[in-house]
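Residue-level structure breakdown
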Amino acid sequence: MQSNEPSTVPRADLESVVPPTIDAESTVRTANGVELHAVVAGDEADPLVVLLHGFPEFWYGWRAQIAPLVEAGYRVLVPDQRGYNLSEKPNGVRAYRTRELSADIADLIATEGRETAHVVGHDWGGMVAWDLARRYPEAVDRLAVVNAPHQTAYGRQLRSNPEQLRRSWYAMGFQLPRLPEIACRYDDYRLLERALRSPVPAGTFSDDDLDRYRRAWGRDGALTGMLNWYRAAARHPSSPPTERVDAPTLVVWGEDDAALVPELAIDSTGFCRESRLELLPETSHWVPHEAAENVTALLREHLAEGAEISPAR
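Residues numbered from 1 in each chain as written. Predicted model: local features only at pLDDT ≥ 70, side-chain atom pairs only at ≥ 80, totals over all residues. Heavy atoms only, no water.

Observations concerning the nonpolar core
Definition in use: Side-chain atoms within 4.5 Å are what join buried Ala, Val, Leu, Ile, Met, Phe, Trp, Tyr and Cys residues into a set we call a nonpolar core. In this scheme, a residue with accessible area under 20% of its type's maximum is buried, one over 50% is exposed, and one in between is partly exposed, where area comes from a 1.4 Å probe on protein chains only. Any two residues having at least one pair of non-hydrogen atoms within 4.5 Å are treated as being in contact.
Leu51, Phe55, Trp59, Leu143 and Trp217 are the most contacted members of the largest nonpolar core, which totals 99 residues. When near neighbours in sequence (up to four residues on either side) are disregarded, tryptophan 217 contacts Pro56, Tyr189, Leu192, Glu193, Leu196, Leu210, Ala222, Leu223 and Met226.

Overview of the packing of aromatic side chains
We apply this condition: Only Phe, Tyr and Trp rings are paired, with Trp represented by its six-membered ring, and only when their centres lie within 6.5 Å; those with planes under 30 degrees apart are stacked, over 60 edge-to-face, the remainder tilted. The helix and strand labels rest on DSSP assignments: H or I over at least four residues marks a helix, E over at least two residues marks a strand, and numbering proceeds from the N terminus.
Considering all chains together, one arrives at 18 aromatic pairs under this definition. Where phenylalanine 55 meets phenylalanine 174, the ring centres are 5.6 Å apart and the plane angle is 55 degrees; that geometry is what we call tilted. With phenylalanine 55 in the loop between strand 3 (48-52) and helix 2 (63-71) and phenylalanine 174 in the loop between helix 7 (169-173) and helix 8 (179-197), this pair connects stretches of sequence that are 119 residues apart. Given the relative accessible area of 9%, phenylalanine 55 is considered buried. Exposure remark for phenylalanine 174: the relative accessible area of 11% places this residue in the buried category. Centroid distance phenylalanine 58 to tyrosine 213: 5.4 Å. Interplanar angle 80 degrees. Geometry classified as edge-to-face. Separated by 155 residues along the polypeptide, phenylalanine 58 in the loop between strand 3 and helix 2 and tyrosine 213 in helix 9 (residues 207-217) bring together distant segments of the chain. Summarising the burial analysis for this pair, phenylalanine 58 and tyrosine 213 share the class buried.

A short note on the pairing of strand 3
The criterion, for reference: Two strands make a pair as long as DSSP finds a minimum of two bridges between them. Note on handedness: a crossover is taken as right-handed if, strands pointing away from the viewer, the path from the first strand over the helix to the second is clockwise.
Counting buried residues in strand 3 gives five out of five residues, a clear majority hidden from the surface. Alternating positions in strand 3 separate into two faces, Leu48, Val50 and Leu52 on one and Val49 and Leu51 on the other, with burial throughout. In the sheet, strand 3 pairs with strand 4 (residues 75-79) via three bridges, with the strands oriented parallel. Bridge pairing in strand 4 places valine 50 opposite leucine 77. A crossover connection joins strand 3 to the parallel strand 4 through helix 2; in handedness this β-α-β unit is right-handed.

What to know about the sheet that holds strand 2 (residues 34-41)
Selection rule: Axis lines are fitted to C-alpha atoms, over the contacting stretch for helices. Their N-to-C directions set the angle, which ranges from 0 to 180 degrees.
One open sheet accounts for eight strands, arranged 1-2-4-3-5-6-7-8; its pairing is mixed. The open sheet terminates on both sides in strands that have one partner only, identified here as strand 1 (24-31) and strand 8 (275-280). Averaged over all pairs of adjacent strands, the angle between strand axes in this sheet comes to 20 degrees, irrespective of strand direction. Examined bridge by bridge, strand 2 and strand 4 share four bridges and lie antiparallel to one another.

What follows is the structure in structure tokens.
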């Protein structure tokens with residue numbers, strides 16, 4: 001199911017997203033036995049920050065945060081996670097078990113010659129970040145999660161909160177074979193476009209943004225790879241050895257998330273040794289886009305705590 005598309009982003013295209021004043025490159029790394037495309041920016045000697053996108057995005061979803069974090073003194077690594085865009089798309093649902101996804105990131109951190117990194121995740125990227133912090137605690141220095149629940153908190157809400165069960169209907173629909181791919185592809189990916197654009201203020205996602213997303217969704221095997229994350233979570237659940245997260249954790253949550261109830265944010269912090277919760281009113285699920293400057297400021301403040309880097313650098 002591998003694509004014949006170019007394995008990296010053309011330089012001119014990369015510079016249209018990351019300012020040319022920022023030292024950035026598009027690269028391919030082998031991690032956990034798969035080829036992962038990633039954009040890497042900043043000085044190799046600076047503290048490492050890994051930004052993990054969710055569904056239905058790709059590395060581009062963190063475009064607003066890359067340059068500010070580099071300017072704040074960080075090395076930034078932003079992968080296309082397995083199944084997405086330019087990264088490898090293994091066959092079969094089992095290849096997308098959460099334990100494999102977090103192993104990808106643990107190995108990706110090691111490709112930078114590091115034992116640990118700050119890890120930030122949104123949506124499914126946040127789910128991977130939670131799992132990584134529990135399964136590989138030594139690999140995560142500080143954790144930040146945006147609109148993604150701790151897995152145990154999510155399970156509890158599904159069992160006890162009818163509203164969360166109602167909001168999760170789409171994930172159940174994704175379990176069907178082939179039909180979700182057909183629905184997502186219909187009318188030039190209209191369903192996925194609406195998922196991004198409908199809950200946010202006009203202009204949050206530009207026409208150029210959507211063109212980039214459509215190219216990513218249209219790569220060979222991409223839709224199936226993306227949807228297999230949901231299928232694997234339901235068919236092959238796997239729990240890390242502990243529920244507790246030891247890394248200092250920032251949880252940022254848009255309260256108007258149509259898919260996830262705000263109670264999940266509060267419940268999730270209860271599994272952290274040290275946590276900070278930031279609830280953003282009148283903000284949807286797409287927080288890194290809708291409240292980009294706020295998210296960047298919160299990340300810089302959180303990552304700088306206890307470090308030599310000043311949040312105002």
